[in-house]
Amino acid sequence: MVPSTIKGLRICPNLNFLFQEESSLLNRYAAAQKLGFKAVETGNPYVNAVDELRRVKDDCGLEQVLINTPVGDASKGEVGFASLPGKEHQFLHGLKTAVQYATSLECKLIHIMAGLVMDPSLVDDHNKTYVNNLKKAAPILEAAGIVGIIEPINQHSVPGYYLSDYDKAVSVIKDVNSSHIGLLLDVFHLQQIKGDVTHSLNEYFPLVKHVQVAQVPDRHEPDTPGELNYDYVFNLLNKLNYSGWVGLEYKPASTTEQGLKWIERLGNH
Ligand SMILES: O=C(O)C(=O)CO
């Protein structure tokens, strides 16, 4: 069994990163529950029918904290659709699918994936498309009681990803001006995009609806060798009175279960 909190912060494994020893997503819910987790996040729930997922989630007594919007053909930039000019229909269809899944799974957070900029000369069209799509998404999310969150992703992890700048994310959230559009702050990406973790966490905290963690640069467990001191980061989240979930979105350095020992190690400081 593993603790489901670290320093009082609630933690949930991302089932598209952890428990990959289980080839089936449905079995990953059971594996997470067996180890003692109370909740999960799932980047791509669409590999299963929503009723199947709902049944397994409920049988395991797990909370579904977050899902992502669907992605398409990455070779066409479709790592999500939110910023893609000319694909507004696919964005809206994907959003409605995500809302349908989230509603059935009683999930209150949807990570809205932005897509890739395949032609840098079209970045202004991406900017306009992104804001317009999020403005259309806000009332749909509000009606469903769901918050859409946008996540700056670093360019090493996803080269060409449209949203890779916190100032842009903040400006878009303020432009859309809806309590149903907020920020997903993944400390793994923050460190590689901007660094300045203490001041950045303080500055962006009012917009933060969800946090994810992984060590930099290898994206392994928080206590593996790397640039970030997660003992400090978790203490800082507590100082800020962060009450949301912390998503474990890292690639286990060995096995999932072996790697989870970091929680005990770090939690005892
Ligand atoms: O790659 C990431 O950090 C994501 O959150 C995609 O789900």
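Above this text you will find the structure in question.
Residues numbered from 1 in each chain as written. Predicted model: local features only at pLDDT ≥ 70, side-chain atom pairs only at ≥ 80, totals over all residues. Heavy atoms only, no water.

(A) How the structure looks around the site of the ligand. Around the ligand, the structure places Asn 68, His 111, Glu 151, Ile 153, Asp 186, His 189, Gln 212, Arg 219 and Glu 249. Glu 249 is positioned such that a nitrogen or oxygen atom in its side chain is 3.0 Å from an oxygen atom of the ligand. Relative to its unbound accessible surface of 230 Å², the ligand loses 88% to contact with the protein. Of the residues contributing to the shell around the ligand, the split by class is 1 nonpolar, 4 polar and 4 charged. (Near = heavy atom within 4 Å. Polar contact = N/O pair within 3.5 Å; in protein donor to acceptor, adjacent residues only side chain to side chain. Areas by Shrake-Rupley, 256 points an atom, 1.4 Å probe, with all protein chains shown as cover. Nonpolar A, V, L, I, M, F, W, Y, C, P; charged D, E, K, R; others polar.)

(B) Just unusual backbone geometry, in detail. Put simply, Val 216 and Pro 217 share a cis peptide bond, and its omega is 10 degrees. Along the chain, Pro 217 turns up in the loop between strand S8 (208–213) and helix H8 (230–239). A positive phi angle, near 55 degrees, is found at Lys 7, a position not held by glycine. Along the polypeptide, Lys 7 turns up in the loop between strand S1 (5–6) and strand S2 (9–13). The phi angle at Glu 106 is positive, at roughly 55 degrees, despite the residue not being glycine. Take Glu 106: its relative accessible area is 48%, and that puts it in the partly exposed class. (Helix = DSSP H or I, 4+ residues; strand = E, 2+ residues; numbered from the N terminus. Buried < 20%, exposed > 50% of the residue type's maximum accessible area, 1.4 Å probe, protein only.)

Any functional reading would require information beyond the geometric quantities listed.
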